[in-house]
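Descriptive structure summary
In case you want the letters, here they are:
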Amino acid sequence: AINGTLTANGILTNEPTGVLNLNDGGNLVINKEGGQKPANAFNWSSGGTFTIGDSGSMEVSTAFDIPEGGILAIEGSLKQISSGVLNNLGTIDLRDYGNFILDFDNAPLPSGTFNWNGNVVFAKNRTFNISENYIVPATGTLNNKGILSIIPNSQLNIEGLFINDS
């Protein structure tokens, strides 16, 4: 059980019959390039924080569930590809130097509570159609490396920083 902070600088394995509980007030920090959410029985309780550390990265390629009251903190890099789904019932906290990379066509911004203080990146060679009203907050950055279109009657409001690297 994780009641304090567990920092994984390498591979964190969870055997098929093992159970890893991230409890209220606990923090699991993945500080490895290519890190992964623990496999098998991983119980993430309300009030628990799953952190991608500043030297960590993770790719979401399957369903990734953030429970009600749970926090996904991004200090490093999180890449979401087309087969990856973020089910956000808690909070995604994109911190100051964190990167959230959307690497599939028309990838949506996260649903639910999304604290945008770092960089959202629309990946290279991808098409993104803004079909509603988006606001890049004063504390956030949107870096477009793909093809960005704003559909009629939609808006992209920039209060923070917009970088067009396409």
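Figured I'd write up the structure that's included with this text. (Residues numbered from 1 in each chain as written. Predicted model: local features only at pLDDT ≥ 70, side-chain atom pairs only at ≥ 80, totals over all residues. Heavy atoms only, no water.)

**Here we look at the overall build of the protein chain**
Quick note on the threshold: Strands here mean DSSP runs of E at least two residues long; helices mean DSSP runs of H or I at least four residues long; both are numbered from the N terminus. The globule rule is 2.2 Å times the number of residues to the power 0.38, and the radius of gyration it is compared with is taken over C-alpha atoms. Classification of residues uses two cut-offs on accessible area relative to the type maximum, computed with a 1.4 Å probe and protein chains only: under 20% is buried, over 50% is exposed, and between them is partly exposed. Contacts were defined at the residue level, with two residues in contact if any of their heavy atoms lie within 4.5 Å.
Within the protein chain, the secondary structure is distributed over zero helices and 20 strands. Taking 166 residues into account, the globule formula puts the C-alpha radius of gyration at 15 Å, and the protein chain, at 16 Å, falls close to it. For the protein chain, the spread of C-alpha atoms along the principal axes amounts to about 50 × 25 × 25 Å. For the protein chain, with 166 residues in total, the buried portion stands at 44%. Sequence separation of at least 24 residues holds for 20% of the intrachain contacts in the protein chain that already meet a minimum separation of 6.

**Overview of the side chain of asparagine 31**
For clarity, the threshold we go by: We define a polar contact as two N or O atoms separated by no more than 3.5 Å, with the added condition that, inside protein, one atom must be a possible hydrogen donor and the other a possible acceptor, whereas residues neighbouring each other in sequence contribute only through side-chain atom pairs.
Within the secondary structure layout, asparagine 31 lies in the loop between strand E3 (27-30) and strand E4 (41-44). Engagement of the side chain of asparagine 31 in a polar contact is seen with the side chain of serine 55, the distance being 3.0 Å. Ignoring any residue separated from it by four or fewer positions in sequence, one finds asparagine 31 in contact with Thr7, Ala8, Asn9, Gly53, Asp54, Ser55 and Gly56.

**Remarks on the environment of lysine 124**
Here lysine 124 is to be found in the loop between strand E14 (119-122) and strand E15 (127-130). A sequence separation of 23 residues divides lysine 124 from isoleucine 101, and the C-alpha atoms of the two residues are 10 Å apart. Discounting chain neighbours no more than four positions away, the residues touching lysine 124 are Lys145 and Gly146.

**Here's the deal with the layout of surface pockets**
Quick reminder of the rule: Put simply, the grid is 1 Å and covers the protein atoms alone, a cavity is a trapped set of points that fit a 1.4 Å probe, a pocket is an open set with protein on both sides within 12 Å along at least five of seven lines, and lining residues have an atom within 4 Å of a point. Grid points are joined across faces, edges and corners, and a volume is the space filled by probe spheres set on the points. Residue type decides the class: Asp, Glu, Lys and Arg count as charged, Ala, Val, Leu, Ile, Met, Phe, Trp, Tyr, Cys and Pro as nonpolar, and the leftover types, Gly among them, as polar.
When its volume is computed, the largest pocket comes out at roughly 190 Å³. No other element matches strand E6 (residues 57-60), which puts three residues into the lining of the largest pocket. The class makeup of the residues in the lining of the largest pocket is four nonpolar, five polar and two charged.

**So, the packing of aromatic side chains**
Applicable threshold: Pairing of aromatic rings covers Phe, Tyr and Trp, the last counted by its six-membered ring, and requires centre-to-centre distances within 6.5 Å; plane angles under 30 degrees mean stacked, over 60 mean edge-to-face, and any other angle means tilted.
Evaluated as defined, the whole model comprises eight aromatic pairs. Ring plane angle 70° and centroid distance 6.1 Å describe the contact between phenylalanine 42 and phenylalanine 50, whose orientation is recorded as edge-to-face. The exposure class assigned to phenylalanine 42 is buried, which follows from its relative accessible area of 15%. On the numbers, 4.1 Å between centres and 15° between planes, the contact of phenylalanine 122 with phenylalanine 128 is stacked. Put simply, the rings of Phe42, Trp44, Phe50 and Phe64 pair up and form one aromatic cluster.

**Considering unusual backbone geometry**
A positive phi angle, near 65°, is found at asparagine 125, a position not held by glycine. Relative to the helices and strands, asparagine 125 resides in the loop between E14 and E15.

**Quick notes on the sheet that holds strand E1 (residues 5-8)**
Quick reminder of the rule: A pair of strands is treated as paired once DSSP finds two or more bridges between them. Angles here are taken between N-to-C directions and fall from 0 to 180 degrees, while the axes themselves are lines fitted to C-alpha atoms, restricted in helices to the stretch in contact.
One open sheet accounts for six strands, arranged E1-E3-E5-E8-E11-E13; its pairing is parallel. For this open sheet the edge positions go to E1 and strand E13 (113-116), each flanked by a neighbour on one side alone. In this sheet, adjacent strand axes meet at a mean angle of 15° when their direction is disregarded. With four bridges joining them, E1 and E3 adopt parallel strand pairing. Within the sheet, the bridge partner assigned to threonine 7 lies in E3 and is valine 29.

**Quick notes on the side chain of asparagine 144**
Residue position: asparagine 144 is located in strand E17 (residues 141-144). Discounting residues that sit within four places of it in the chain, asparagine 144 has contacts with Phe122, Phe128, Phe162, Ile163, Asn164, Asp165 and Ser166.

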